[in-house]
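Topology and contacts: notes
Residues per chain are reported as follows:
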Amino acid sequence: MTPDRSAADLDLPELDAVRDLVARAERPVVLTGAGMSAESGVPTFRDAQTGLWERYSPEQLATEEAFLADPGLVWSWYLWRARMVRGVEPNAGHRAVAAWQARVPGLVVATQNVDDLHERAGADVLAHLHGSLFRFRCAECEAPAEVDVAAAHDGGHAPGSEADLEGLLRTEPPVCTACAAGRVRPDIVWFGEMLPADAWDATYAALDSCDLCVVVGTSGLVQPAASLPFVALGAGAPVVEVNPDVTELSSAVTHRLAGPAGLVLPALLA
Ligand SMILES: NC(=O)c1ccc[n+]([C@@H]2O[C@H](COP(=O)([O-])OP(=O)(O)OC[C@H]3O[C@@H](n4cnc5c(N)ncnc54)[C@H](O)[C@@H]3O)[C@@H](O)[C@H]2O)c1
Ligand SMILES: [Zn+2]
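Residues numbered from 1 in each chain as written. Chains lettered and ligands numbered in written order. Predicted model: local features only at pLDDT ≥ 70, side-chain atom pairs only at ≥ 80, totals over all residues.

**Looking at the site of ligand 1**
The local shell around ligand 1 holds 28 residues, among which Gly33, Gly35, Asn113, Gly217 and Pro260 are the closest. Elements represented by at least two residues in the shell around ligand 1 include exactly α2 (35–38) and α3 (45–48). When the residues that make up the shell around ligand 1 are grouped by side-chain class, the tally is 12 nonpolar, 12 polar and 4 charged. (Near = placed C-beta within 6 Å. Helix = DSSP H or I, 4+ residues; strand = E, 2+ residues; numbered from the N terminus. Nonpolar A, V, L, I, M, F, W, Y, C, P; charged D, E, K, R; others polar.)

**Digging into helix α7 (residues 92–103)**
In a regular helix each residue adds 1.5 Å, so 12 residues correspond to 16 Å; α7 covers 17 Å between its end C-alpha atoms and thus fits that length. Three or more residues of α7 are buried, namely Gly93, His94, Arg95, Ala96, Val97, Trp100 and Gln101. Of the surrounding secondary structure, the elements contacted by the buried residues of α7 are β1 (28–32), α2, β2 (108–111), α8 (117–120) and α12 (261–269). (Expected span 1.5 Å × (residues − 1). Buried ≥ 20, exposed ≤ 12 C-beta atoms within 10 Å, placed from the backbone. Contact = placed C-beta atoms within 7 Å.)

**Overview of the sheet that holds strand β8 (residues 239–242)**
Taken in spatial order, the 6 strands of this open sheet run β3-β2-β1-β7-β8-β9, and their pairing is parallel. With one partner strand each, in any of the chains shown, β3 (127–128) and β9 (255–257) form the two edges of the open sheet. Bridging between β2 and β3 involves 2 bridges; their strand directions are parallel. Looking at the pairing, Thr111 lines up with His128 of β3. On top of the sheet, α12 reaches β7 (212–216), β8 and β9; it is set at about 140° to β8, its chief contact. (Pairing = 2+ DSSP bridges. Axes fitted to C-alpha atoms, helices over the stretch in contact; angles between N-to-C directions.)

**With respect to unusual backbone geometry**
Put simply, Gln223 and Pro224 share a cis peptide bond, and its omega is 5°. Position of Pro224 among the secondary structure elements: in the loop between β7 and α11 (228–234). Positive phi outside glycine occurs at Glu142, with the angle close to 75°. For Glu142, the location among the structural elements is in the loop between β4 (131–138) and β5 (144–145). Its identity is not glycine, yet Ala180 carries a phi of approximately 60°, on the positive side. Judged by the 10 C-beta atoms lying within 10 Å of it, Ala180 falls in the exposed class.

**With respect to the sheet that holds β4**
Here we have 3 strands laid out as an open sheet, ordered β5-β4-β6, and antiparallel in their pairing. Sheet topology places β5 and β6 (184–188) at the edges, where each strand pairs with a single neighbour. Relative to β6, β4 runs antiparallel, the two being bridged by 4 bridges. When the sheet's bridge partners are listed, Gly131 is paired in β6 with Ile188. Across the sheet, helix α6 (residues 71–86) touches β4 and β6, and the angle it forms with β4 is around 140°.

**A word on the UniProt feature "binding site: substrate" (unreviewed entry) in the protein**
Those residues carrying the UniProt feature "binding site: substrate" (unreviewed entry) are Tyr78 and Arg81 in this numbering. Within the element layout of this structure, Tyr78 appears in helix α6. Here Tyr78 falls in the buried class, since 22 other C-beta atoms lie within 10 Å of it. Look past the residues within four positions of Tyr78 in its chain and what remains in contact with it is Leu133 and Pro186. In this structure, Arg81 sits in helix α6. (UniProt positions renumbered as here; feature names shortened; annotations may be inferred.)

**Topic: the pairing of β8**
Neither face of β8 is exposed, since Val239 and Glu241 on one face and Val240 and Val242 on the opposite face are all buried. In the sheet, β7 pairs with β8 via 4 bridges, with the strands oriented parallel. By the bridge assignment for β8, Val215 is matched with Glu241. Taking the sense of rotation as the criterion, the β-α-β connection linking β7, α11 and β8 turns out right-handed. Bridge analysis of β8 against β9 gives 3 bridges, and the strand direction is parallel. Residue pairing for β9: Glu241 is matched across the bridge by Arg256. (Right-handed = clockwise from strand over helix to strand, strands pointing away.)

**Regarding the UniProt feature "binding site: Zn(2+)" (unreviewed entry) in the protein**
The UniProt feature table records "binding site: Zn(2+)" (unreviewed entry) at Cys138, Cys141, Cys176 and Cys179. The named residues occupy 42 residues along the chain; their greatest pairwise C-alpha distance, 8.5 Å, places them in one compact cluster. By secondary structure assignment, the location of Cys176 is in the loop between α9 (162–168) and β6. The residues contacting Cys176, other than those within four sequence positions of it, are Cys138, Glu140, Cys141, Ala143, Ala145, Ala181, Gly182, Arg183 and Val184. Checked against the element boundaries, Cys179 lands in the loop between α9 and β6. If near-sequence neighbours (up to four positions away) are discounted, Cys179 is found in contact with Cys138, Glu140, Cys141 and Ala143.

Structure follows, in C-alpha cells:
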C-alpha cells in the first residue's frame, strides 16, 4: 500500500448505505481477524511466511504436537510474536472502532487476533476467540503463569526483527511454579483445540441479538470463527465485510467495502 492513499481513492459504492446502517445501529458487533492489524505491521499468516519464517509455517508451529515435539521452537516463536506486537501501535482502524464504541456503548468487539491492539486503542474487547499472546498457562495443570516477554533475552535486537528471532530461537519455556512439572505455554487456541467456551458463547449471544455486524480482515477460512457472521445473518442483521480481497464470506454478506481497514473504517465512521 502506498502511504499517501486515502479513502477517497477507493471505489466504495456501498459506503453511504453502510453509513446509514452504522448511524442507526445500537447493538453492532465488530468481528476482526488478522487483516485488522496488518497496517500496524503485524503480518497475517499468509504475509508472515517470508524470510526466516519460510522454514516454519503456522500450521506446523501452532499445534500441541509441535509444542510437545519441540517446546523451545514453539515457545520462541510465540515470544518473538509477542515482542513484535509490543513494538507496534494500533492503526487508524483500531482507533475508529474504539471511537465508535465510545459513541455506542452497546458495541461489541470480538476478535480472532491474539494481539492487544484493540485494547491499546481504547476499546473494550468482549472476546479473544483464539486467546492472547500476553497470557500464559501451564500445559499440564492449566495454572496461569506470568511471563515478561520484554525480558526474554538481552540480545539487544529490535523486538520482532529477524535478528531478535535468531536470538530467541529455542529459548525453553519455563517450568510451571504451581505443579513444578508442566511447561508453560501461550494461552492461545492451537489448531485442533477448542475455542474458550465463555468467549464463544458471549460472541454468539451478541451476534444473535445484534442489529449490524461488521467483519474486518478475516479470510473466513479458520473454523469455527468463520461461521460467526452467519449467526448475525440468521438473526436478520445486515453483515458488512471490510477486506481488500474477496473471501469465502464475500458472496454471503449484505455489503462489501473493498479496502484496507485503516482507510475504510475511519471513512465509514467519520
Ligand atoms: N494480529 C494477530 O493477532 C494475528 C496475526 C496473524 C494470524 N493470526 C491468527 O491467524 C488466524 C488466521 O485467520 P484470519 O482470518 O484472522 O487471518 P488470515 O490471515 O487468514 O486472513 C487475513 C485476511 O485479512 C485481509 N487483509 C489483509 N490486509 C488487510 C487490511 N489492511 N485490512 C483489511 N483486511 C485485510 C486479507 O485479505 C485476508 O482475507 C486466526 O486464528 C488469528 O488468530 C492473528
Ligand atoms: Zn502446572
